[in-house]
Amino acid sequence: MHVLDGSSGGGQLVRTALSCAAVSGEPFRMRYVRRARSNPGLQAQHCAAIEAVADICDAATEGVEVGSEAFTFEPRVAAEEADEEEPVLGGSTSVEVGTAGSVPLVFDALLPVATALEEPIEASLTGGTDAKWAPPFDYFRHVKLPLLREHGLEAEVSVDRRGFYPRGGGEATLTVHPSEFAPLSLTERGARESLTAYSVAEASLAEDDVAERQAEAAAPDATHEIEYAEADSVGSAVVLAAEYEQSRAGFTGLGDRTTSAEEVGEAAAEAFAEFEDGDAAVDGHLADQLVPILAVAGGEVRAPEVTTHVETVVDLLGEFGYDVTVEDDGDAVVISA
Ligand SMILES: Nc1ncnc2c1ncn2[C@@H]1O[C@H](COP(=O)(O)OP(=O)(O)OP(=O)(O)O)[C@@H](O)[C@H]1O
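Residues numbered from 1 in each chain as written. Predicted model: local features only at pLDDT ≥ 70, side-chain atom pairs only at ≥ 80, totals over all residues. Heavy atoms only, no water.

An unreviewed UniProt entry lists the protein chain under the name RNA 3'-terminal phosphate cyclase, with Halobacterium jilantaiense given as the organism. Taken from UniProt, the Subcellular location (unreviewed entry) comment for the protein chain reads in full: "Cytoplasm". Here is the UniProt Catalytic activity (unreviewed entry) comment for the protein chain, exactly as written: "a 3'-end 3'-phospho-ribonucleotide-RNA + ATP = a 3'-end 2',3'-cyclophospho-ribonucleotide-RNA + AMP + diphosphate". (UniProt positions renumbered as here; feature names shortened; annotations may be inferred.)

Caption draft 1: Representation of the packing of aromatic side chains. Counted according to the given criterion, the structure contains seven aromatic pairs. The interplanar angle of 55 degrees and the centroid separation of 5.5 Å between the aromatic rings of Phe 251 and Phe 272 together place this pair among those described as tilted. Within this pair, whereas Phe 251 is found in strand E13 (residues 248–255), its partner Phe 272 is found in helix H7 (residues 261–277), the two being separated by 21 residues in sequence. The two residues Phe 251 and Phe 272 agree in class, both being buried. On the basis of an interplanar angle of 45 degrees and a centroid distance of 5.3 Å, the ring pair of Phe 251 and Phe 275 is categorised as tilted. One end of the pair, Phe 251, is in strand E13; the other, Phe 275, is in helix H7, and 24 residues separate them in sequence. The burial state of Phe 251 is the same as that of Phe 275; both residues are buried. The ring of Tyr 244 has Arg 189 lying over it, and the distance from NZ or CZ to the ring centre is 5.5 Å. The ring of Phe 275 carries Arg 189 above its face, with NZ or CZ at 4.7 Å from the centroid. (Phe/Tyr/Trp six-rings, centres within 6.5 Å; stacked < 30°, edge-to-face > 60°. Helix = DSSP H or I, 4+ residues; strand = E, 2+ residues; numbered from the N terminus. Buried < 20%, exposed > 50% of the residue type's maximum accessible area, 1.4 Å probe, protein only. Lys NZ or Arg CZ within 6 Å of the ring centre and 35° of its normal.)

Caption draft 2: Quick peek at the state of the cysteines. The final tally for this structure, using the stated rule, is zero disulfides. Looking at the unpaired Cys 20, the closest cysteine sulfur is the one in Cys 57, lying at 12 Å. You can see Cys 47 has no disulfide; the closest cysteine sulfur is in Cys 57, sitting 16 Å from it. Judged by its relative accessible area of 13%, Cys 47 is buried. (Disulfide = S-S within 2.5 Å.)

Caption draft 3: Here's a closer look at the UniProt feature "active site" (unreviewed entry) in the protein chain. Under the feature "active site" (unreviewed entry), the UniProt entry names His 309. Among the structural elements, His 309 can be located in helix H9 (residues 308–319). Once you skip the residues sitting within four places of it in the chain, His 309 turns out to touch Gln 12 and Asp 288. (Contact = heavy atoms within 4.5 Å.)

Caption draft 4: Broad picture of the UniProt feature "binding site: ATP" (unreviewed entry) in the protein chain. Per the UniProt annotation, the sites labelled "binding site: ATP" (unreviewed entry) are Asp 108, His 285, Leu 286, Ala 287, Asp 288 and Gln 289. Spatial clustering of the annotated residues is evident: they stretch over 182 residues in sequence, but the largest pairwise C-alpha distance comes to 13.1 Å. Mapped onto the secondary structure, Leu 286 falls in helix H8 (residues 284–297). Since its relative accessible area comes to 0%, Leu 286 is described here as buried. Setting aside residues up to four positions removed in sequence, Leu 286 forms contacts with Tyr 139, Val 143, Lys 144, Leu 147 and Arg 248. Looking at the secondary structure, you find Asp 288 in helix H8. A distance of 2.6 Å separates the side chain of Asp 288 from the side chain of Gln 12, its partner in a polar contact. (Polar contact = N/O pair within 3.5 Å; in protein donor to acceptor, adjacent residues only side chain to side chain.)

Caption draft 5: Representation of the pairing of strand E14 (residues 299–303) in the model. Among the five residues that make up E14, four are buried, leaving the element largely enclosed by the rest of the structure. Here strand E9 (residues 184–186) runs beside E14; their pairing, made up of three bridges, is parallel. Looking across to E14, one finds that Leu 186 is bridged to Val 301. Two strands pair when backbone bridges link them, and E14 and strand E16 (residues 333–336) are joined in this way by four bridges, in the antiparallel orientation. Residue pairing across strands places Val 301 opposite Ile 335, the latter belonging to E16. (Pairing = 2+ DSSP bridges.)

Caption draft 6: Layout of the pairing of strand E4 (residues 71–74). Pairing analysis gives three bridges linking strand E2 (residues 28–31) to E4, with the strands arranged antiparallel. Across the sheet, Met 30 pairs through a bridge with Phe 71, a residue of E4.

Caption draft 7: Geometry of the pattern of salt bridges. Inspection of every chain in the model, using the stated rule, returns 13 salt bridges. Glu 150 is the partner of Arg 248 in a salt bridge, and the nearest nitrogen-oxygen pair spans 2.6 Å. Here the residue Arg 248 occupies a position in strand E13, and Glu 150 occupies one in the loop between helix H5 (137–149) and strand E7 (154–161), the gap between them amounting to 98 residues. Arg 248 gets classed as buried once you look at its relative accessible area, which sits at 13%. For Glu 150, a relative accessible area of 47% puts it in the partly exposed group. The salt bridge involving Arg 248 is made with Glu 243; its shortest N-O contact spans 3.4 Å. (Salt bridge = Lys/Arg side-chain N within 4 Å of Asp/Glu carboxyl O.)

Caption draft 8: Local environment of unusual backbone geometry. Cis peptide bonds are those with omega within 30 degrees of zero, and the linkage from Tyr 165 to Pro 166 qualifies with 0 degrees. Residue position: Pro 166 is located in the loop between E7 and strand E8 (170–177). The phi torsion at Tyr 32 lies on the positive side, around 55 degrees, for a residue other than glycine. Take Tyr 32: it is sitting in the loop between E2 and helix H2 (44–57). The phi angle at Asp 58 is positive, at roughly 55 degrees, despite the residue not being glycine.

In structure tokens:
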């Protein structure tokens, strides 16, 4: 059993450990979960990720509840303990991520598992589709998934209802098929081929043209995809998705009561401008999210910088025997496995 220390990071260490355990079949115990956070221990969205991955790999768990600072995850034993048939990696799961806990982040924990699946996964989640401190749904759908599909992932995602802070209530489904990843080759981005602003707002914001204004402020010259959606809470998001010859990147803004539509768009525009000034092949968020995939697929990713997220995930992957290295070449950072 791997004994892991979760104190140097947050939920991402939990999700990465879950992915590794599902892929390898190796159990772990994580202690000091999110110790340095102001609300330490597992939060609802982390418990949801554990439940979803446990369903897929038939894991037995202990200590999984909100506030818990240690938990155990043992893949492939729940069915055996219940004296049922031999467990199969795959199948369906249906989980409440809770209020506006991030649905895309729970999906994230399932993606690396594609490489070891024996049967497809169907994960139906309710919660926040567009939540703070997390990838907005359209970032997951229009940036991350297309990039991974280009590297062998067979997966589709759909959204039936948007979920914004604070009530959430969004509904989305991810289907992942057994996949063979090609090594990630993301060292150059090449010329930009397209730029699209995906802008969504809750239906009552249509009278103020919030989605149109967000898209316009994000990138007046981009293609604009405008959506108004029924949702339990009022909210909005914009994702600027850039497609390059050899890569993809995304830049986001999230609306709330205190932020104007223009400010939401400008947040995405600023992140995009900073990225285009630099030399990286993927944006900083994608960089840390790709590290677990890099571990199972191999390859190279050129990221804007080494974030704590990248460092802590690389260390945790080492505990499962994955050798991921990070090298600063002066203009950017190359993460390889
Ligand atoms: N605007 C954004 N666009 C794309 N990805 C994002 C964005 N904001 C955050 N992320 C990604 O969301 C993930 C957040 O992981 P992190 O561990 O910090 O959060 P968490 O699971 O909510 O746990 P914690 O509460 O402990 O921080 C990271 O992979 C990060 O790159």
